[in-house]
Amino acid sequence: MLNIVLFGPPGAGKGTQSERLIEKYGLVHLSTGDVFRANIKDETELGNLAKSYMDAGQLVPDEVTINMLRSEVVKHDAPKGFIFDGFPRTNAQAQALDEFLAGLQTEISLMLALEVEENELKTRLLKRAEFSGRPDDADPAVIEKRIAVYNNETAPVKAFYQAQHKFVAIDGIGSIDEITQRLFSAIDTNN
Ligand code: AMP
């Protein structure tokens, strides 16, 4: 299996690039943010719980997120692999993912980390708010909080995969096509 963690701060382009990767490599796209938003829309118990954290730009607690991720993975029968988009966001999540995948006789192949500087992220998120309908994109204070949470809690996850020699940094500035090509070549040379 080809299991990729597509990593990066909010607004780095993970969702957009995931679409390109699943098309080329035939992978299953698993975005924890998308699953939470679908649950909020359907007013499920999980959605109600996640909403207060998401609206504040905070992380949904690890235990809830990890359980949700596991139940999403097992929905797919004999997949070629997964793109994990927006997961793991803490070291505890990365550890749990490793253990869970080991139980399925597979593992993470590669972490591809999109790198974009903060001012560019803020501009992109406010622009995205015009069509995403996401309350967490529309409020500059929530954007600041999400970036701070990324820097403090999520960026350290890079070291987890660096230690396993699975980490590749990708320049996330340029046209969507240029960035896609960088991702393709990173996958093709490292896999
Ligand atoms: P995203 O769509 O990836 O930008 O995620 C939107 C929001 O969903 C985040 O700001 C968090 O509140 C929540 N979320 C998504 N993925 C995770 C995760 N792996 N761990 C905790 N919270 C998450």
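Residues numbered from 1 in each chain as written. Predicted model: local features only at pLDDT ≥ 70, side-chain atom pairs only at ≥ 80, totals over all residues. Heavy atoms only, no water.

**Re the nonpolar core**
In this structure, Phe84, Leu97 and Tyr161 are the most contacted members of the largest nonpolar core, which totals 30 residues. Looking at which element gives the most residues to this core, the answer is helix H5 (residues 91–103), with five residues. Once residues within four sequence positions are removed from consideration, Phe84 is found in contact with Asn3, Ile4, Val5, Leu6, Leu30, Leu69, Val73, Leu97, Leu101 and Ile108. With 23 residues, the next largest nonpolar core counts Tyr25, Ile143, Val168 and Leu183 among its residues. (Core = buried A, V, L, I, M, F, W, Y, C linked by side-chain atoms within 4.5 Å. Buried < 20%, exposed > 50% of the residue type's maximum accessible area, 1.4 Å probe, protein only. Helix = DSSP H or I, 4+ residues; strand = E, 2+ residues; numbered from the N terminus. Contact = heavy atoms within 4.5 Å.)

**Looking at the sheet that holds strand E2 (residues 28–31)**
Pairing in this open sheet of five strands is parallel, and the strands run E2-E3-E1-E4-E5 from one edge to the other. Both outer strands of the open sheet, E2 and strand E5 (167–171), are each paired with one neighbouring strand and no more. Between one strand axis and the next, the sheet turns through 20° on average, direction left out of account. Where strand E1 (residues 4–7) and strand E3 (residues 82–85) come together, three bridges link them in parallel fashion. (Pairing = 2+ DSSP bridges. Axes fitted to C-alpha atoms, helices over the stretch in contact; angles between N-to-C directions.)

**Remarks on the environment of Val35**
Within the secondary structure, Val35 sits in helix H2 (residues 32–41). Relative accessible area serves as the criterion here: at 12%, Val35 is assigned to the buried category. Expressed as a C-alpha distance, the spacing of Val35 and Leu97, which sit 62 residues apart in the sequence, is 17 Å. Leaving out residues up to four positions away in the same chain, Val35 has contacts with Leu30, Met68 and Glu72.

**Some words on the site of the ligand**
Surrounding the ligand, one finds 16 residues, the nearest of these being Thr32, Arg37, Gln58, Gly86 and Gln93. In the environment of the ligand, a nitrogen atom lies 2.9 Å from a nitrogen or oxygen atom belonging to the side chain of Gln93. Arg134 has a polar side-chain atom sitting 3.1 Å from an oxygen atom of the ligand. For the shell around the ligand, the element with the highest residue contribution is H2, accounting for four residues. Tallied by class, the residues present in the shell around the ligand amount to five nonpolar, six polar and five charged. (Near = heavy atom within 4 Å. Polar contact = N/O pair within 3.5 Å; in protein donor to acceptor, adjacent residues only side chain to side chain. Nonpolar A, V, L, I, M, F, W, Y, C, P; charged D, E, K, R; others polar.)

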